[in-house]
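Reading the structure
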Amino acid sequence: MATIRPFCCVRPNAEVADRVAALPYDVYNRAEAKAEVEREPLSFLKIDRAETSFDDSVDTYAPEVYQKAKELLEKDIADGIYEKDEDNAYYIYELTMNGRCQTGLVACASVDDYIKNVIKKHENTREDKEIDRIMHVDTCSAQTGPIFLAYRSEQVINEIVDKTKENEALYDFKSVDGVTHRVWKISDSTDVETIQKAFKSINQIYIADGHHRAASAVKVGLKRRGENPNHDGTEEYNYFLSVLFPHDQLMIMDYNRTVRDLNGLTEEEFKQKVQENFTLEQSPHSVRPEKKGTFGMYLEGKWYLLTAKPELFEGKDAVESLDVSILQDYLLGPVLGIGDPRTDSRIDFVGGIRGLGELEKRAETDMKVSFSMYPTSIDELFAVADQNLLMPPKSTWFEPKLRSGLFIHEI
């Protein structure tokens, strides 16, 4: 059973919520982050990426950077940019992009559920990426970037969410990228109790996005348990900030590939090798795959439709049968020589939000050949996690991105 708790939230006042809300810290490089904070001084990015307060001679991960994040957060709270709610509550967070709406529940998930694998993972984390967020959370004593969780839709929870959304929203604004954000508060004691009870009947929660943030929050919680001789399990560090979405509201976009060269092959030699495991048809237009087992390929100004031969899927487990695995195992690896896509500098990954034009552009500039993918499904993600397997890197791209700064959980 899952423990999903209401919490006492620190959040921006309604007048500035649209200015505070920021994309996740890791979608920016340092120069981009600095430019964004200069554009919008109230952006939460100034706290998430506090190196923006220093010149470039200061290391991004220097101790004074994390201290600055703590100072900026405390100052904004003192100045009334943020306010602290006095009661434990759930929040509803609705995001609408291109006419499509998804609604999640903002709450705190359990560190113990993460350790016991009630909260399931589908990708590995890197220690160097964890350390940064461990330092940020521990120094600020606050979790500032929510973990994107998914669960199988539950009617009891849906009914409370739908009922609450009939009320006036706390926040209702459109961000500069065109996404509309609306937030409501669930503080009625009966509704809160019903939601908590409903989650206790759910045995699997899944990390959709934010594996590094989740791992970092858990490690800070374990660190503080060790430092507190009076630890009893009720402390806020035993829980981490999350937004939980029912599975039937989520959209996973394609996560495409582009490769620098043909591994020493001529164009014709390459196409011949591709056809050992895929049928290859030239297309008069760009190819966005419409079903599993099909791929687009852009090479020398032309698009091709690749279709994996049926035998490639026979006898495969939940990971081996993913389209990203089929492409890697039967084309990128054996034909193009991409042994480990996590470390090979000859491959790059392009989120589907950037469109097929970006794949063409890359293949015509710094790369040679690009591949468009059919998106991994939420059911495939669940199947991988349920079998305690791990997806290949860059298998899923979720949109729209959750904003940081709208909800803060103090620990």
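Above this text sits the structure in question.
The shown structure was predicted, so the numbers you read here are calculated from the model rather than taken from an experiment. (Residues numbered from 1 in each chain as written. Predicted model: local features only at pLDDT ≥ 70, side-chain atom pairs only at ≥ 80, totals over all residues. Heavy atoms only, no water.)

1. Topic: the pairing of strand 19 (residues 369-372)
Walk down a regular strand and you will see the side chains alternate between the two sheet faces. Inclusion rule: Partly exposed describes any residue whose relative accessible area lies between the buried limit of under 20% and the exposed limit of over 50%, with all areas from a 1.4 Å probe on protein chains only and scaled to the type maximum. In DSSP terms, a helix is any run of H or I states spanning at least four residues, a strand is any run of E spanning at least two, and both are numbered starting from the N terminus. By this definition, two strands are paired if DSSP reports at least two bridges between them.
Of the two faces of strand 19, the one lined by V369 and F371 and the one lined by S370 and S372 are each fully buried. Note that strand 14 (residues 255-259) and strand 19 share three bridges and pair antiparallel. The residue bridging V259 from the neighbouring strand is V369, located in strand 19. Pairing geometry for strand 16 (residues 294-299) and strand 19, over four bridges, is antiparallel. Following the sheet pairing, Y298 is matched in strand 19 by S370.

2. Re the sheet that holds strand 16
Sheet strands pair via backbone hydrogen bonds, and the direction of the pair is either parallel or antiparallel. In plain terms, the rule: Think of each axis as a best-fit line through the C-alpha atoms, taken over the contacting stretch in the case of a helix, with angles from 0 to 180 degrees between the N-to-C directions. Any two residues whose heavy atoms approach within 4.5 Å are treated as being in contact.
In space, the six strands of this open sheet follow the order 15-17-16-19-14-18, with antiparallel pairing throughout. Single-partner strands in this sheet number two, and they are strand 15 (278-283) and strand 18 (347-351). Averaged over all adjacent pairs, the angle separating strand axes in this sheet is 25°, with direction ignored. Relative to strand 18, strand 14 runs antiparallel, the two sharing five bridges. Each residue of the ladder has a partner; that of N256, found in strand 18, is V350. Here helix 10 (residues 267-274) sits on the sheet and contacts strand 15, strand 16, strand 17 (302-308) and strand 19; the angle it forms with strand 16, its principal contact strand, is near 175°.

3. Thoughts on empty space enclosed by the protein
Our working definition: Using a 1 Å grid laid over the protein atoms alone, points where a 1.4 Å probe fits but cannot get out form a cavity; open sets with protein on both sides within 12 Å along at least 5 of 7 lines form a pocket; any residue with an atom within 4 Å of a point counts as lining. Grid points are joined across faces, edges and corners, and a volume is the space filled by probe spheres set on the points.
In the structure shown here, the tally under the stated rule is two cavities of 30 Å³ or more. Here the largest cavity is characterised by a volume of approximately 130 Å³. Lining the largest cavity are 15 residues, with V137, Q143, T144, G145 and R213 sitting closest to its centre. Among the elements of the structure, helix 6 (127-140), helix 9 (211-227) and strand 12 (239-246) are those that each provide at least two residues to the lining of the largest cavity.

4. Examining the pairing of strand 17
In this sheet, strand 17 lies alongside strand 15 in antiparallel orientation, the contact comprising six bridges. Each bridged residue has a counterpart across the sheet, and for Q282 the counterpart in strand 17 is Y304. As defined by bridge partners, strand 16 adjoins strand 17 across six bridges and the pair is classed as antiparallel. Bridge pairing links G296 to L305 in strand 17. Linking strand 16 back to strand 17 in an antiparallel pair, the connection comprises two residues, with E300 at a positive phi of about 50°.

5. What to know about the nonpolar core
Proteins that are soluble and globular tend to have nonpolar side chains buried together. Keep this limit in mind: Buried residues of nine kinds, namely Ala, Val, Leu, Ile, Met, Phe, Trp, Tyr and Cys, make up a nonpolar core once their side-chain atoms join them within 4.5 Å.
One finds F270, L306, L331, L336 and F371 to be the most contacted residues of the largest nonpolar core, which totals 67 residues. With sequence-adjacent residues up to four places away left out, L336 is seen in contact with V259, D261, L262, N263, F270, L331, R346, V369 and F371. Residues Y114, V161, F199 and I202 belong to the second largest nonpolar core, which totals 32 residues.

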